[in-house]
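# Observations on the three-dimensional arrangement
Here's the letter readout for the chains.
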Amino acid sequence: MTPHLFTPLRLRDVELRNRIFVSPMCQYSAEDGVPTDWHLVHLGSRAVGGAALVIAEKTAVVPEGRITPACTGLWNDAQARAFARITAFIAAHGAAPGVQLGHAGRKASSSVPWLGGRALTAAEGAWRTVGPSALPFAAGHPQPHALTPEEIEALVERYAEAARRAAVAGFQVVEIHAAHGYLLHQFLSPLSNRRDDEFGGSLENRTRFPLAIARAVREAFPASLPVFVRISATDWVDGGWDLAQSIAFARGLKEAGVDLVDCSSGGAVPDAKVPVAPGYQVPFAAAVRREAGIPTGAVGLITEPEQAERIVAGGEADAVLLARELLRDPYWPLHAASALGVDVPWPKQYLRAKPAAAR
Ligand SMILES: Cc1cc2nc3c(=O)[nH]c(=O)nc-3n(C[C@H](O)[C@H](O)[C@H](O)COP(=O)(O)O)c2cc1C
């Protein structure tokens, strides 16, 4: 019997060859938001390595939505053209290309991690950050401009435009980033959203902007292609965003036509105590799947083939997303297939290296 991890998954008209997705990972290697050869090789290697879906990093819908000056964007056609070369390569190697659309909000205007990941200075080209409220992320971070209702409305359209460009660029999946303390999560979490208008206060009000984006992206992206949303299922802080609110939000996302909720956690505030351990976020994917009745993805310290198989076989999630383990080993899906005793096609160029048992 084929292991569950290697059973294809169909979402709308997209057939994914297994349940292993490349989790979006910023590479901080773009120029003016345009992906480079690094992205072609990085993302392309993981398609060659056997993943079913390769999700490109958080890609900004407007320039000021970048975390760093080296983040990718989809606010212009040059960016879409550069991505088109990459999506064609990914698709030619049997994987579906996806992209995560986002806006960093009050966490924007930072330096790349290897230069400290701190707030940029004016001399380094800092820009004005935005958020639901004029509350900085942490000491040393700039005070964001609280978005006006008109600015919020305009941003919904920017997400839709980026989704249209993503389709033109050949992406088959769009994931909306509503996690990790970036703009949409900033609206969801009472820790960062202190508004007293229709975008703050009640759960209904805090979810209004993210749900409007989900509907607009769903409308803008072809009906044959799936839309995902990544959430932080909890802030890990009393009085913050939590699993119960995530389940209610996921029900709204389902109604908006979203196809899968990718369940991460944390990032809203710098001092949360996160009980990091293998598979520690899997219970969130399981609860959202069960309670909201929507397909989910599990992510976070999933590194072993048997562990991934158990998650999918046990109905905790429909797919697993791997990040750091796929940086260590881009061929993890091919190795996992061997470990679980299933024969999957290898790239013909690499056939002479395929283990005999899996040949
Ligand atoms: C280098 C790097 C860049 C990341 N960039 C993003 C990103 O762009 N969007 C996102 O949602 N998560 C991002 N993450 C988080 C991962 O997608 C993933 O959720 C997290 O690393 C936990 O999974 P892992 O234990 O398999 O690494 C990044 C992680 C790493 C290591």
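As shown above, the structure is provided for reference.
Criteria and thresholds
Residues numbered from 1 in each chain as written. Predicted model: local features only at pLDDT ≥ 70, side-chain atom pairs only at ≥ 80, totals over all residues. Heavy atoms only, no water. Near = heavy atom within 4 Å. Polar contact = N/O pair within 3.5 Å; in protein donor to acceptor, adjacent residues only side chain to side chain. Areas by Shrake-Rupley, 256 points an atom, 1.4 Å probe, with all protein chains shown as cover. 1 Å grid on protein atoms, 1.4 Å probe; cavity = no way out; pocket = protein on both sides within 12 Å on 5 of 7 lines; lining within 4 Å. Sits in = over half its atoms within 2 Å of the grid points. Nonpolar A, V, L, I, M, F, W, Y, C, P; charged D, E, K, R; others polar. Axes fitted to C-alpha atoms, helices over the stretch in contact; angles between N-to-C directions. Helix = DSSP H or I, 4+ residues; strand = E, 2+ residues; numbered from the N terminus. Parallel < 35°, antiparallel > 145°, perpendicular 65-115°, else oblique. Left-handed = near helix turned anticlockwise from the far one by under 90°. Contact = heavy atoms within 4.5 Å. Pairing = 2+ DSSP bridges. Buried < 20%, exposed > 50% of the residue type's maximum accessible area, 1.4 Å probe, protein only. Right-handed = clockwise from strand over helix to strand, strands pointing away.

## Topic: the site of the ligand
Looking at the ligand, there are 15 residues lining it, with Ser-23, Cys-26, Gln-100, Leu-301 and Arg-324 nearest. One of the side-chain nitrogen or oxygen atoms of Arg-230 is found 2.9 Å away from an oxygen atom of the ligand. Across the complex, the protein chains shield 81% of the 610 Å² of accessible surface that the ligand would expose by itself. Given that more than half its atoms are within 2 Å of the pocket grid, the ligand belongs to the largest pocket. Grouping the amino acids of the shell around the ligand by side-chain chemistry returns 7 nonpolar, 5 polar and 3 charged.

## Details of the packing of helix H7 (residues 243-255) against helix H8 (residues 282-292)
Put simply, H7 and H8 touch, their axes get as near as 9 Å, and they point 50° apart. The angle between the axes of H7 and H8 places the two elements in the oblique class. Judged by the sense of rotation from one axis to the other, the crossing of H7 with H8 is right-handed. Counting all contacts with H7, which are made through Leu-243, Ile-247, Ala-250, Arg-251 and Lys-254, the residues of H8 involved are Phe-284, Ala-287, Val-288, Glu-291 and Ala-292. Per-class residue counts for the contact of H7 with H8 are 7 nonpolar, no polar and 3 charged.

## Brief notes about the sheet that holds strand E5 (residues 96-102)
The sheet built from 8 strands closes into a barrel, its strands ordered E3-E4-E5-E8-E9-E10-E11-E12 with parallel pairing. Put simply, the sheet's adjacent strands are angled 30° from each other on average, direction ignored. Inspection of the sheet shows strand E3 (residues 20-22) paired to strand E4 (residues 53-60) by 2 bridges, in the parallel sense. Residue pairing across strands places Val-22 opposite Val-54, the latter belonging to E4. Contacting strand E8 (173-178) and strand E9 (227-232), helix H6 (residues 208-220) crosses the sheet at an angle of about 170° to E8.

## Looking at the pairing of E5
Of all 7 residues in E5, 7 are buried, a share of seventy percent or more. A two-sided burial pattern is seen for E5, the buried positions comprising Ala-96, Gly-98, Gln-100 and Gly-102 on one face and Pro-97, Val-99 and Leu-101 on the other. As paired strands, E4 and E5 are joined by 7 bridges and run parallel to one another. Its bridge partner being in E5, Lys-58 is matched across the sheet by Gln-100. Taken together, E4, helix H2 (residues 77-92) and E5 constitute a β-α-β crossover, and its handedness is right-handed. Bridge analysis of E5 against E8 gives 4 bridges, and the strand direction is parallel. Bridge pairing links Leu-101 to Ile-176 in E8.

Scope: geometric values only; no functional claims are made or implied.
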